[in-house]
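In case you want the letters, here they are:
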Amino acid sequence: EAGDKNQQAFKGTMEAVRAAQTMITTLQIEAKNKENAITLAHDYAKLQARLRQAEAAVAHCAVLPPAVQAQLQLKAQIDEVDSKVKDAEAKVEIAEKMAMEAEKNPLPPEEPKGDTKTGAGVAAPKAFPSKAMPYKGKAFGKGEPGKGEPEPIVGPVEKAKGAVEVANIELKMVMRYLEAQAKAEKIPEEDMNILKGRIEAAKTRVDGAS
């Protein structure tokens, strides 16, 4: 962000300097036909010299000092790692919420039962394919899921277990990533310890939701 602001300020300053130079050049041309042309030419030349000095003074701002560049690169690396930690923490939070919901309502929702006398609420049976329109899938009786069989109902407990598993996998991946970054010594040890501490805390939370 600081680098972007620096570039914007530099660009704006240079545009202003060049616009002033262009305007004075136009005035210098117009002054040639005036009675006080010599005086005006002298004054405009002074202004152009001041603008050249201003241009030279801000030229060094085009590139940030090495120390500032290093700080910005470090901040970008920390922000990248921090975003991965936040993603893992978000998955842990989802697992916690689903575990709480499963604890309150562990049973899956019951399927609606129709009236056996009137047939109300009972879904109409699916027609088997006729000879004129042969079944294009695999043969019946293979026991394959999704071939006309009803999908199993996943209850809150199973959903919570799945969310916990996803969170655990994410935490392991992020911890490995942090260890790789620590070996590369791209991030200060103090910052790395804080990030690892957050992952360990998140692991404790997800273990509590198991």
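Cut-off values and rules
Residues numbered from 1 in each chain as written. Predicted model: local features only at pLDDT ≥ 70, side-chain atom pairs only at ≥ 80, totals over all residues. Heavy atoms only, no water. Helix = DSSP H or I, 4+ residues; strand = E, 2+ residues; numbered from the N terminus. Buried < 20%, exposed > 50% of the residue type's maximum accessible area, 1.4 Å probe, protein only. Areas by Shrake-Rupley, 256 points an atom, 1.4 Å probe, with all protein chains shown as cover. pLDDT = per-residue confidence, 0-100. Contact = heavy atoms within 4.5 Å. Expected span 1.5 Å × (residues − 1). Salt bridge = Lys/Arg side-chain N within 4 Å of Asp/Glu carboxyl O.

J.: Tell me what's going on with the overall build of the protein chain, and back it up with residues and numbers.
T.: Looking only at helices and strands, one finds 5 helices and 0 strands in the protein chain. Order of helices (α) and strands (β) in the protein chain, N terminus to C terminus: α-α-α-α-α. When the 210 residues of the protein chain are sorted by exposure, 22% land in the buried category. Roughly 16,100 Å² of accessible area belongs to the protein chain as shown, and the carbon and sulfur atoms make up 57% of that amount.

J.: Quick one: what's the story with the confidence of the model for the protein chain, residue by residue and with numbers?
T.: Per-residue pLDDT for the protein chain averages 79, and the proportion of residues at 70 or more is 74%. pLDDT under 50 marks residues 124-143. Its contacts with residues more than four places away, or in other chains, come to 8 contacts.

J.: I'd love a proper account of the side chain of Gln181, names of residues and values included.
T.: For Gln181, the position within the fold is in helix H4 (residues 156-184). Once residues lying within four places of it in the same chain are set aside, the contact partners of Gln181 are Val81, Lys186, Ile187 and Met192.

J.: Explain unusual backbone geometry to me, and be specific about the residues and the numbers.
T.: A positive phi is found at Glu185, a non-glycine position, where the angle reads about 55 degrees. Looking at Glu185, the relative accessible area reads 69%, which means it is exposed.

J.: Talk me through the environment of Ala95; I want residue IDs and the actual numbers.
T.: With respect to the secondary-structure elements, Ala95 resides in helix H3 (residues 66-104). Excluding anything up to four places from it in sequence, Ala95 contacts Ala163, Val164, Ala167, Val206 and Ala209.

J.: Help me get a handle on H3, residues and values and all.
T.: Here H3 is 39 residues long and its end C-alpha atoms lie 57 Å apart, about the 57 Å a rise of 1.5 Å per residue gives. Buried within H3 we find Leu74, Ile78, Val81, Asp82, Val85, Ala88, Glu89, Val92, Ala95, Ala99 and Ala102. Looking at the buried side of H3, the elements it contacts are H4 and helix H5 (189-209).

J.: Can you lay out the pattern of salt bridges for me, pointing to particular residues and giving the numbers?
T.: Enumeration according to the criterion identifies 7 salt bridges in this entry. Where Lys86 meets Asp82, a salt bridge forms, and the shortest distance between an N and an O atom there is 3.3 Å. Remark: Asp82 and Lys86 occur in helix H3; sequence separation between them is 4 residues, near one turn of the helix. The class for Lys86 is partly exposed, based on a relative accessible area of 48%. Owing to a relative accessible area of 16%, Asp82 belongs among the buried residues under this scheme. Close ionic contact of Asp207 with Lys203 constitutes a salt bridge, the shortest N to O distance being 2.7 Å. Of this pair, Asp207 and Lys203 are both found in helix H5, 4 residues apart, which corresponds to roughly one turn of the helix. When its relative accessible area of 40% is taken as the criterion, Asp207 is described as partly exposed. When its relative accessible area of 30% is taken as the criterion, Lys203 is described as partly exposed. Through salt bridges with shared partners, a single network forms among Asp82, Lys86, Glu89 and Arg198.

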